[in-house]
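What the coordinates show
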Amino acid sequence: MLGSVLTLAFERPPIDWHAIAPELVLLGFGALLTLVDIVWLERGRAAVSALASFGLLAAMVPVLTLATDGADRVTFWGAYVIDDYSLVMKAVFLLAGYVVVLLSTNYIAEGDYWESEYYQMLLSAVLGMVVMASARDLVTMFVALELLSIPAYLMATWRKRDLRSNEAGLKYYLMGVFASAVLLYGMSLLYGTAGSTLLDDINAAVSGDDAPLAVVTLGVIFVVAGFAFKVSAFPFHTWAPDTYEGAPTPVTAFLSVASKAAGFVALLSLVFVGFWGRSDVYQPLMWALAAASMFGGNLMALRQTNLVRLLAYSGVAQAGYMLAPLAVAGESLTTADDALSAVVTYLAIYAAMNLGAFAVVIAVARRTASAEIDSYRGLFHYSPALAVAMTVFLMALAGIPPLGGWFAKFEIVLALISPQTAWGVALGVVVALNSVIALYYYARIASYMWVEQAPANSGFDTASPIKVPTSVSAALILTGAATLAFGILPQWIGHFTDVTLLATLPS
Amino acid sequence: MTDFLNDWGLTLVTFIPLAGALVMLAVPAVEHRAIKQLALLTSLATAAVGALLLLDFDYGAAGDLQFVVDASWIDVINSRYIVGLDGISLPLMALTLVVVPLCVIYSWDHIPDPGNPKAFFILMLILETGMVGTFLAQDLILFFVFFEVVLLPMFFMIAVWGGENRRYASIKFFLFTLFGSALMLLSFLALFFLSTDPATGESLRSFDMRLLSDLAGAGILGSTQIWIFAGMFIGFGVKVPMFPFHTWLPDAHTEAPTVGSVILAAVLLKLGTYGFVRIAVPMLPEGAEAWAPWIGLLAVIGIIYGALGCLAQTDMKRLIAFSSVAHMGFVMLGIATLTDFGINAAIFGMIAHGIITGMLFFVAGSVKERYHTLEIRRLGGLLTQAPRLGWILGFVSMASLGLPGLAGFWGEFPAILAAYSPAEGLPVETFRTYMVVAAVGTVLAAGYLLWLLQRTAMGKPSEEFADSDEIVDVTRTEWISWAPLLAGIVLFGLLPGLIFDVTDPAVVGLLAAGSGG
């Protein structure tokens, strides 16, 4: 009797347990970390980082089984979709999370910060991202967004007694909730138009000729603006430089790669599923955002003296490159596929090269205790391996063949030229010009490391090579190998990122 | 043996240097001798494979691509690993394979400050892979990747081992060439999307250079071709370098270490002109026709401007750099005629300029090492102090100004002659004017080279160096590294057919596809 009443009140959606296995594994390991902390207290500290990295790799197992299974799965009444695209992105999030754990291990342990909690936060943020990759519903998206954002706000302030870290977290938090509010408002407008939160339904509602154009336009702009904050696109980037500089560097690496990618995943699902039919609204918007981000990010990066701030601005420009294909995505079905593959490829390669750059920053800061570009003078002469690694990552970011970044940029330009429209070609030229501007500041850092001699009064030892902890070395080797491999044999990554979202569309 | 070469020859010749560089990573940096031996061994092994290819090459079919390898590479964008050797690639590949070992030998006891031969040779070997790969690639994306691979090593070679102003010069070089290649890539993509199969009218979506040259722009509107060609024009033009994109070159040359200058002059500049011959002209004949008068104009401006620039220089290396601008002007003039005669002359010009100017930079480097300056007015009396070095400088200068009987002549004279009768559809009067201007340029060339010789080699040694015991004559390593180039200058001067016979069938083949033949 009671059972039937409950069934009436809440109908449990059918759940495909295999489909959500990666999420369950992450959740399980998060809970396990809490238990370890409660039961063993201080004695458990040594195990937490290993446990967290094991959890992230364990979550890769169901991702792989789902990938070999091959079939697209739809669960939770269409709100949650497992297809090639979401699996690729889940893998990127999990592996990026794993590298971040490698980068954090020594940093967090030696800095005398809360350890167990840190990894719990990290796992729950990654869980949010993994959920985001499958979300095809506004509410699910929002839950995923908050699940990844709130731990990230906390992690940014992890250096508790450091003023800058507190500033970083507070700025990030205030700007973040503001963006969430804007996003929610936009979502409410879309929900009002469609009467459903499912992206498929929203697409059907906004694409029709009788859709209220003003409301839809406003809804699209607000939703895109909300996620533009997450990907730090110009002019929604203002939090990034301060937060990046103040936050613990491994957290910065996490924000600049994983959190940015999560924002992009949401934008991709929205553009290719939710707004697909309204290319007249989102294309000009994306065009402007992309061009502004590229020019804005690169021009401001030129004047930076701190490497982390420089990477923040270069991240703004990189977001611009990734937004660019969305400006032509609605031209045709082939273009849409090209554009989606281009952004996914870029995200994967960007994760490798940017995490690598931060790994070097972390390694060098162990000696210099600074991220000022000045402190990189003469690095090649006393720590050649790190200087070469940094050069590889910076030149990959600049897009110089045969390092990974070239293929990422190439796919972007390919997608822009493919519809053969004037706007697309123009944006392609903008990308080309910006690659040249960006090269200037990347090459400047390289010449600091290679050309200059280390100053005698630097206050740190410039005679012996910097000792790199094992876990950071592992991160460097992983990201470096990926950066090289993606550049020389792009098919390795191109094979996985050749995905489509439009197959799920009702034709 | 032939089977093996067919399947692996070109791949080996491209990647042996890279493999050598990787092995060298494992050698401790203090083992200078082992590092030098490994570098020499690697470059000689590469040259040996190259020699086998040259022996096995079917000269009767120099117009066809030989030793072709066509393997899958990046399927998602239909780009393949296609390499092949024909009469146009062959001399340029051979030039590269000869110049790099000579540079290694020269560096034996000339490692520039701040030392570190390990890094120096690793960069040199990576450069070799990039250069050889560019000349062999038959896929636009593969070509692009190799074309760019040379950037980083050359940037670091100038930035680390260069002169006073090396930071400025290296970044300028890097930015200019990247700007060009970014636009070039856009043009490649436009070709990719716009080329259509004439039979079905469908988009080909192919980067296969063989296919695209055979198509010769069929299906692409003339007005579109002009735009696509413009992108390549800037891309290749920066590399050549053509006036007005040349300003990076004097800076780069002046600051680069000696072997950096040699490689830059001998091979790197040829990547640009090779791009015009191999890609821009055959794939976009209508675009080429529209641009040819302008290319010709910039070429003759380059000739005159380079020559006048030379007359104004006070630094020997900078002077040679400006003479490069002038010489590459002759090469571009040959290409601008769009005739097989002109393009053959251009390819000969590339080889001749590679040998001669490379040699001039070697001499300049050795002068700098002895006098610690290249300021022309402080030099003098080289012939009395180091007579053999002085005579070599004189001999190479004669070759450079185009003395008949030496290699330089066959690069310049036919190019000028070709301008008399450019391809059909080009304005004849304009090109004849260019011909006259270019001829004046040769006179100026004689002027600045003889003047250079007079001021540096002749006369009495200046007082500050009169008693210097550092000024010795040509050393043994210098002889070994220079002799092949000096022999080449005479050999190709006396027997220009050695090169013309190889290039001609390939050039005719490329142009025939363009005229719908």
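Conventions we followed
Residues numbered from 1 in each chain as written. Chains lettered and ligands numbered in written order. Predicted model: local features only at pLDDT ≥ 70, side-chain atom pairs only at ≥ 80, totals over all residues. Helix = DSSP H or I, 4+ residues; strand = E, 2+ residues; numbered from the N terminus. Rg over C-alpha atoms; globule rule 2.2 N^0.38 Å. Buried ≥ 20, exposed ≤ 12 C-beta atoms within 10 Å, placed from the backbone. Contact = placed C-beta atoms within 7 Å. Expected span 1.5 Å × (residues − 1). Bend = angle between axes of the 7 residues up to and from the residue. Axes fitted to C-alpha atoms, helices over the stretch in contact; angles between N-to-C directions. Parallel < 35°, antiparallel > 145°, perpendicular 65-115°, else oblique. Left-handed = near helix turned anticlockwise from the far one by under 90°. Nonpolar A, V, L, I, M, F, W, Y, C, P; charged D, E, K, R; others polar. Pairing = 2+ DSSP bridges. Core = buried A, V, L, I, M, F, W, Y, C linked by C-beta atoms within 7 Å. pLDDT = per-residue confidence, 0-100.

**Here's the deal with the overall build of chain A**
When you go through chain A residue by residue, the secondary structure sums to 20 helices and two strands. The C-alpha atoms of chain A give a radius of gyration of 22 Å, which matches the 23 Å a tight globule of 507 residues would have. Projected onto its principal axes, the C-alpha positions of chain A cover 75 × 60 × 40 Å. Going through the 507 residues of chain A one by one, you find that 59% of them count as buried. Long-range pairs, those at least 24 residues apart, make up 80% of the contacts in chain A with a sequence separation of at least 6.

**Some remarks on helix H11 (residues 249-274) of chain A**
Residue and element names in this part refer to chain A. Between the first and last C-alpha of H11 there are 35 Å, a value that for 26 residues agrees with the 38 Å anticipated at 1.5 Å per step. Where H11 bends most, the angle comes to about 30 degrees, and this point is Leu255. With respect to burial, H11 is a largely interior element, 25 of its 26 residues being buried.

**What about unusual backbone geometry?**
A cis geometry characterises the amide bond from Pro401 of chain A onward to Pro402 of chain A, with omega recorded as 5 degrees. By the secondary structure assignment, Pro402 of chain A is in the loop between helix H16 (384-398) and helix H17 (405-417). The peptide bond linking Val240 of chain B to Pro241 of chain B adopts the cis configuration, its omega dihedral lying at -10 degrees. Mapped onto the elements, Pro241 of chain B comes out in the loop between helix H9 (222-239) and helix H10 (248-255). Its identity is not glycine, yet Ala216 of chain B carries a phi of approximately 55 degrees, on the positive side. Here Ala216 of chain B lies in the loop between helix H8 (209-215) and H9. Owing to 21 C-beta atoms within 10 Å, Ala216 of chain B belongs among the buried residues under this scheme.

**Some details on the packing of helix H7 (residues 166-194) of chain B against H10 of chain B**
Packed helix pairs are characterised by how far apart their axes lie and by the angle those axes make with each other. All names here are of chain B. Across the interface, H7 lies against H10 with an axial gap of 9 Å and an inter-helix angle of 135 degrees. Relative to H10, the element H7 is oriented oblique. Of the two elements, H7 crosses H10, and the hand of that crossing is left-handed. Facing H7, whose interface residues are Arg166, Tyr168, Ala169, Lys172, Phe173 and Phe176, H10 presents Trp248, Asp251, Ala252, Thr254 and Glu255. Partitioning the contact of H7 with H10 into residue classes produces six nonpolar, one polar and four charged.

**A short note on helix H2 (residues 32-56) of chain B**
Residue and element names in this part refer to chain B. In a regular helix each residue adds 1.5 Å, so 25 residues correspond to 36 Å; H2 covers 36 Å between its end C-alpha atoms and thus fits that length. Residues of H2 that are buried include every one of Ile35, Lys36, Leu38, Ala39, Thr42, Ser43, Thr46, Ala47, Val49, Gly50 and Leu53, and no others. On its buried face, H2 sits against helix H1 (2-25), strand S1 (66-74), strand S2 (79-85), helix H3 (89-106) and helix H4 (117-136).

**Structural notes on the pairing of S1 of chain B**
Consecutive residues of a regular strand have side chains that alternate between opposite faces of the sheet. Residues and elements named next belong to chain B. Relative to S2, S1 runs antiparallel, the two sharing six bridges. Bridge pairing in S2 links Asp70 to Ile82. Connecting S1 to the next strand, S2, in antiparallel fashion are four residues, including Asn78 with a positive phi near 55 degrees.

**What about the packing of H7 of chain B against H9 of chain B?**
Residues and elements named next belong to chain B. Between H7 and H9, the shortest axis-to-axis distance is 7 Å and the interhelical angle comes to 150 degrees. Relative to H9, the element H7 lies roughly antiparallel. The chirality of how H7 crosses H9 is left-handed. Across the interface between the two elements, Phe176, Thr177, Phe179, Gly180, Ser181, Leu183, Met184, Leu186, Ser187, Ala190, Leu191 and Leu194 of H7 pack against Thr224, Ile228, Gly231, Met232, Ile234, Gly235, Phe236, Gly237, Val238 and Lys239 of H9. Grouping the constituent residues of the contact of H7 with H9 by class yields 13 nonpolar, eight polar and one charged.

**Topic: the nonpolar core**
Residues and elements named next belong to chain A. One finds Val126 and Met132 to be the most contacted residues of the largest nonpolar core, which totals 417 residues. With 23 residues, helix H14 (residues 333-368) is the largest single contributor of residues to this core. Ignoring any residue separated from it by four or fewer positions in sequence, one finds Val126 in contact with Leu26, Leu56, Phe93, Leu94, Gly97 and Ala258.

**Some details on the interface of chain B and chain A**
Many descriptions give the size of an interface as the accessible area lost when the pieces come together. Contact with chain B, which involves 30 residues of that partner, is made by 26 residues of chain A. Listing elements by their share of the side of chain B that touches chain A, those giving two or more residues are S1, helix H5 (140-149), helix H6 (151-161) and H7 of chain B. Here the side of chain B that touches chain A takes 15 residues from H7 of chain B, the largest share from any one element. Looking at side-chain class alone, the side of chain B that touches chain A contains 25 nonpolar, one polar and four charged residues.

**What about the confidence of the model for chain A?**
Across chain A, pLDDT averages 90, with 97% of residues at or above 70. Ranking the elements of chain A by mean pLDDT puts helix H1 (residues 2-9) of chain A last, at 60, and helix H13 (residues 307-323) of chain A first, at 95.

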